[in-house]
Amino acid sequence: MKALFTRKATAPAVQPDGASGQPYKIKLLQARWIFYLSAAVVIGSIMSFGLITFLFFDLDRQSAIFMLGMILPMTFLVIICLNFILKAMEKRISRLLFAIKEVSNGNLDVVIDTKGAEEYKEIYENFNLMVKELRVTKEEMQSFVNELAHEFKTPITSISGFADYLYQTGDTIETAERMQFLKLISDQSQRLASLSQNTLLLSKLEACQIVTEKETFALGEQIKQCVILLLRPFEQKHITVDIPEDFDFDYCGNKELMEQIWINLLNNALKFTPEGGTVTVGCKKTASALEISVADTGVGMDKETQEKIFDKYYQNDTTSLTKGNGIGLSIVRRIVELCGGSIAVESQPGCGSTFTVTLPC
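Residues numbered from 1 in each chain as written. Predicted model: local features only at pLDDT ≥ 70, side-chain atom pairs only at ≥ 80, totals over all residues. Heavy atoms only, no water.

Where helix α5 (residues 219-229) meets helix α7 (residues 255-272), the closest approach of the two axes is 10 Å, and the angle between their N-to-C directions is 45°. Comparing their axes, α7 and α5 come out oblique. When you trace α5 past α7, the crossing you get is right-handed. Facing L219, Q222, I223, C226, V227 and L229 of α5, the residues of α7 in contact are K255, M258, E259, W262, I263 and L266. (Axes fitted to C-alpha atoms, helices over the stretch in contact; angles between N-to-C directions. Helix = DSSP H or I, 4+ residues; strand = E, 2+ residues; numbered from the N terminus. Parallel < 35°, antiparallel > 145°, perpendicular 65-115°, else oblique. Left-handed = near helix turned anticlockwise from the far one by under 90°. Contact = heavy atoms within 4.5 Å.)

Quick look at the structure:
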């Protein structure tokens, strides 16, 4: 089957149809149907010849036999060509049927060779594209499960370890140390709850194709409210939030989803901005779009990190006690994409980062 299919080296071997190991084939027309069709062509040709000669020509017996002798070879030639065409169709359909059978057996590495496909080329190409999408989806699902299991493992291990330590030490541990451990347990529990909630939200967003429940609302006022919600943690780190007084503009969209964008971007700026830093929120309006930016004076990031920052579960911060769950920016990007917009980041190590969300009006 090398002439028909191209497989990866790791593709599992699937036994072709039958014990003989021959490729699976389908017969468009069995022998009896070819016989019936051929007979119909021959009889139809003779009857058509007789009718035409009777209506339009006055031929003698010898001329009629001569013309009939010319028509019969042409008729058999048509039958031979028809049989050749049917054989070619059988071969091309067999390729597709064999590939479908491979996929049904779980082999997503099969690819139909489009060489000599003729009128079936578009069908083969669409089939190959479908199998490729299935393979990518399967790989993403496996990666998602592995990453999720890994991310859940860290907070669960911390909670279990600290709780077990507190139980075993009993009254021998000092109150201050006990409170520190309880605080760690509380933080890891909140992180686990946040991870579960964000993972569920991201799964819903990835399955969603259109934004519903749209309404026109004051987007500028919504961003101000998000800043107020996070005002306490900003004050605890002595971070100044700079937002224009005339930050007043409307937008038509899903209010709840848009709030997720600003909460996650502001939380990201809060996390990576050191004490005494500044977070600046700005907006630029054009005839066709809104450009909202969230800039910080934090640690910044290099080019490699910028390329991965929107990937699920990717975390630039490796400090176990302060890192998040690596889903926030993935949620932001997905919501922006559903709104028909885009998000970009500009940053340099040690010079802070600027996230710019572009939303079509």
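The next point concerns the sheet that holds strand β4 (residues 240-242). Spatial strand order, β4-β6-β7-β9-β8: five strands in an open sheet with mixed pairing. Lying at the two open borders of the sheet, with one neighbouring strand each, are β4 and β8 (342-347). Averaged over all pairs of adjacent strands, the angle between strand axes in this sheet comes to 15°, irrespective of strand direction. Here strand β7 (residues 289-296) pairs with strand β9 (residues 353-360) via seven bridges, running antiparallel. (Pairing = 2+ DSSP bridges.)

Now for the packing of α7 against helix α9 (residues 328-338). The N-to-C vectors of α7 and α9 enclose an angle of 145°; their axes lie 9 Å apart at closest approach. Helix-helix and strand crossings are classified by hand; for α7 and α9 the assignment is left-handed. Where α7 abuts α9, its residues L257, Q260, I261, N264, L265 and N268 lie against G328, L329, I331, V332, I335 and V336. Of the residues in the contact of α7 with α9, the class split is eight nonpolar, four polar and no charged. (Nonpolar A, V, L, I, M, F, W, Y, C, P; charged D, E, K, R; others polar.)

Attention shifts here to the side chain of S353. Considering the arrangement of structural elements, one finds S353 in strand β9. Look at S353 and you get buried, because its relative accessible area is 4%. A polar contact of 2.8 Å, which involves the side chain of S353, links it to the side chain of S347. (Buried < 20%, exposed > 50% of the residue type's maximum accessible area, 1.4 Å probe, protein only. Polar contact = N/O pair within 3.5 Å; in protein donor to acceptor, adjacent residues only side chain to side chain.)

Moving on: the packing of aromatic side chains. In this structure the tally under the stated criterion is four aromatic pairs. Each ring, one from Y120 and one from Y124, has its centre 6.2 Å from the other, and the planes form 35°; the classification is tilted. Taking the centre distance of 6.4 Å and the plane angle of 90° together, the rings of F217 and Y251 count as edge-to-face. Here Y251 lies in strand β5 (residues 250-253) and F217 lies in strand β3 (residues 215-218), a separation of 34 residues in the sequence. Exposure class is identical for F217 and Y251. Each is buried. (Phe/Tyr/Trp six-rings, centres within 6.5 Å; stacked < 30°, edge-to-face > 60°.)

Glancing now at the pairing of β5. Side chains of β5 alternate between two faces, with Y251 and G253 buried and D250 and C252 left unburied. As defined by bridge partners, β3 adjoins β5 across four bridges and the pair is classed as antiparallel. Note that in β5 the partner of A218 across the bridge is D250.

In this section: a negative patch on the surface. Together, E221, E245, D246, D248 and D250 line one region of the surface with negative charge. Considering the arrangement of structural elements, one finds D246 in the loop between β4 and β5. (Patch = residues over 30% accessible without salt bridge, like charges linked within 9 Å, V, L, I, M, F, W, Y side chains within 5 Å. Areas by Shrake-Rupley, 256 points an atom, 1.4 Å probe, with all protein chains shown as cover. Salt bridge = Lys/Arg side-chain N within 4 Å of Asp/Glu carboxyl O. Lys, Arg positive; Asp, Glu negative; His and termini not counted. Charge placed at Lys NZ, Arg CZ, Asp CG, Glu CD.)

In this model, the protein chain carries an average pLDDT of 76, and 69% of its residues clear a pLDDT of 70 or more. Taken element by element, the predicted model of the protein chain shows its lowest mean pLDDT in strand β1 (residues 5-6) (40) and its highest in β9 (93). Per-residue pLDDT stays below 50 along residues 1-26; that stretch engages in 51 contacts with residues further than four places along the chain or on separate chains. In this model residues 318-322 is a low-confidence stretch, pLDDT under 50, and it forms six contacts with partners more than four residues away in sequence or in other chains. (pLDDT = per-residue confidence, 0-100.)

Further remarks concern the nonpolar core. With 46 residues, the main nonpolar core has L219, M258, I261, W262 and L265 as its most contacted residues. Listing elements by their share of this core, those giving two or more residues are α4 (175-207), α5, α7, β6 (278-285), β7, α9, β8 and β9. Take this core: its biggest share by element is eight residues, from α7. In this structure I261 touches V332, I335, V336 and V357, once residues within four positions along its chain are discounted. A99, V110, Y124 and V131 belong to the second largest nonpolar core, which has 11 residues in total. (Core = buried A, V, L, I, M, F, W, Y, C linked by side-chain atoms within 4.5 Å.)

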